[in-house]
Amino acid sequence: MRHGRRRITWKGTALVVGAVTAGCALVTYLPQDDAVDAPFIVEGEVGQPLDLTYAELTVTEVRVADVLTSPAEAAAAAGTFLVVDATWRATQGETTFSGAEVTDEQGRRFWPSSRGGCSTSASAQPGYAWRTTYCFDVPRDALEGATVRLARGDQTEEHGGQRRDAVAVVDLGITASEADALWKAAETVSPEAPGYPPASAGGSEG
Amino acid sequence: MTTLVTPAVPGPGRGTPPGAAPSLQPGMLPGSVPPDLPAPARRRGWWRRNIVWLVLLPIAVAAAAGASSFRVWAYWWPVGLHHEVDRVSVGEPAHMAAEYYDLGLSVPERANTTVLREIDATVTGIEQVERLPPPLYSDPVAIPDGSVAYEVQVHFAAEPQTDVALCQIILVAEDGARYGESNTDLLGGPNRCLPPDAEGSLSEQPEWDVSSFLLADPDAEITQVRLGFGGPEYVTVDLP
């Protein structure tokens, strides 16, 4: 049996300091965020329905506009507005889709504008499709190869709200030649208010 | 004259001098009797020595988990339907008695008090409809393409002036999908648990009937109706 106080030894001190140092090194240098927090990316293209588990998403159309008009205002773009029409269909429960972002080939990120009656988020329940129009004010060199990233989690704090969750990344299909043509075109777009998609043969009116 | 020469005492660390007995301990002269050393006590095992901390460890873990789980009851539990208080079949009354914190928006006298809401609800019918009735105050609503509409008929009984704000009438499908979770009425009515022409969120009669319409997927197999007021309590009505 030991008596008295334990002595602090060089060996024990080195063990503790080494363990702490090793722990700090692991946390600092290992790609922990990529391994633990990475979202589940579902890639697709315009017109393709994407299954995000909590919703089905389709980017239905992509346009550009110099000016957005709504009953409340006419908004001119600093660059050009990339207008993305999407349709959400929730599959589990009432869901708010907070994440919307355009990324260009250089990795620059552009968040949606609420000007001109555009939406920056959407909310829907299971049982119906919900059309939403997002508008992104982007410079000329951001058009080519741009993708739109849509999810229920928001993109603030380096996509913090999208950790371990499904995220759609849709290639907008804009080539270099198309980018030039889109930039030169002077278009005015009036975004439709969020709502049900246009009725077709299946709908009935009361 | 004879001179006695005493051999030098070997110091510690110098090793045993040549010729000395191998059993002689350092620092002892030849012929000395070593003292009786106490036999070393058998050392207790790690588990025995740390038994107190081992007993305290699960208690500390439980205390830490409890202290850090305040978000569960502060944020998650009050919002959403988490506590089933009654479960009945179609045509049977379900009783819900649950307390809520009243902000006094409908009855100023109840402001900042905890109020017991007691209400009986009977789902009297649920059916798929081809058309939606015209809303009281807005344009006709069409059933969107790719959706079907259900009408849920509910009979309520409660003391007049019962606050039914945040009323939810939800259809639950076999795959767990929850249709009509919002407390906003499909036809624009202010409250799904009150007649369309009601003002505010207070009941006026001891008994009344409502019809609530909601959209669902065409292939959904509806198995339950859930009634609640924002949660956490709710009642379940099983469909045949």
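Residues numbered from 1 in each chain as written. Chains lettered and ligands numbered in written order. Predicted model: local features only at pLDDT ≥ 70, side-chain atom pairs only at ≥ 80, totals over all residues. Heavy atoms only, no water.

Further remarks concern the state of the cysteines. Residue and element names in this part refer to chain B. Taken as a whole, this structure holds two disulfides over all chains when the rule is applied. Between the sulfur atoms of Cys167 and its disulfide partner Cys193 the distance amounts to 1.8 Å. Because the sign of the S-S torsion sets the handedness, a value of about 60° for the bond joining Cys167 and Cys193 places this disulfide among the right-handed ones. Taken together, the residues span a long stretch of sequence, with Cys167 in the loop between strand 5 (148-157) and strand 6 (168-173) and Cys193 in the loop between strand 7 (178-179) and strand 8 (207-216) at a distance of 26 residues. The burial state of Cys167 is the same as that of Cys193; both residues are buried. (Disulfide = S-S within 2.5 Å. Helix = DSSP H or I, 4+ residues; strand = E, 2+ residues; numbered from the N terminus. Buried < 20%, exposed > 50% of the residue type's maximum accessible area, 1.4 Å probe, protein only.)

The positions that UniProt labels "transmembrane region" (unreviewed entry) are, in the present scheme, residues 12-30 of chain A. Along residues 12-30 of chain A, the helical share is 95% and the strand share 0%, with 27 Å between the first and last C-alpha atoms. (UniProt positions renumbered as here; feature names shortened; annotations may be inferred.)

Residues and elements named next belong to chain A. Counting buried positions along strand 10 (residues 147-151) gives four out of five residues, so the element sits mostly inside the fold. In this structure, strand 6 (residues 99-103) lies alongside strand 10, joined through five bridges in antiparallel fashion. Of the residues in strand 10, the one forming a bridge with Ala100 is Leu150. Here four bridges tie strand 10 to strand 11 (residues 166-171), and the two strands are oriented antiparallel to one another. Bridged to Val148 within strand 11 is Val170. (Pairing = 2+ DSSP bridges.)

Our focus in this paragraph is the sheet that holds strand 7 (residues 109-110) of chain A. One open sheet holds the five strands; their spatial order is 1-11-10-6-7 (chain A), and the pairing between them is mixed. Since the sheet does not close on itself, it has two edges, and those belong to strand 1 (40-45) and strand 7 of chain A, each with one partner.

By size, the foremost hydrophobic cluster in this structure holds 45 residues, and its most contacted members are A:Leu82, A:Trp88, A:Phe136, A:Val148, A:Leu150 and B:Leu132. Broken down by secondary-structure element, the contributors of at least two residues to this core are strand 3 (55-69), strand 4 (74-90), strand 6, strand 8 (122-124), strand 9 (130-138), strand 10 and strand 11 of chain A together with strand 8 of chain B. Ranked by size, the runner-up nonpolar core spans 34 residues in total, among them B:Val88, B:Ala173, B:Trp208 and B:Ala220. (Core = buried A, V, L, I, M, F, W, Y, C linked by side-chain atoms within 4.5 Å.)

All names here are of chain B. A surface patch of positive charge is lined by Arg43, Arg44, Arg48 and Arg49. Mapped onto the elements, Arg44 comes out in the segment before helix 1 (46-49). When its relative accessible area of 46% is taken as the criterion, Arg44 is described as partly exposed. (Patch = residues over 30% accessible without salt bridge, like charges linked within 9 Å, V, L, I, M, F, W, Y side chains within 5 Å. Areas by Shrake-Rupley, 256 points an atom, 1.4 Å probe, with all protein chains shown as cover. Salt bridge = Lys/Arg side-chain N within 4 Å of Asp/Glu carboxyl O. Lys, Arg positive; Asp, Glu negative; His and termini not counted. Charge placed at Lys NZ, Arg CZ, Asp CG, Glu CD.)

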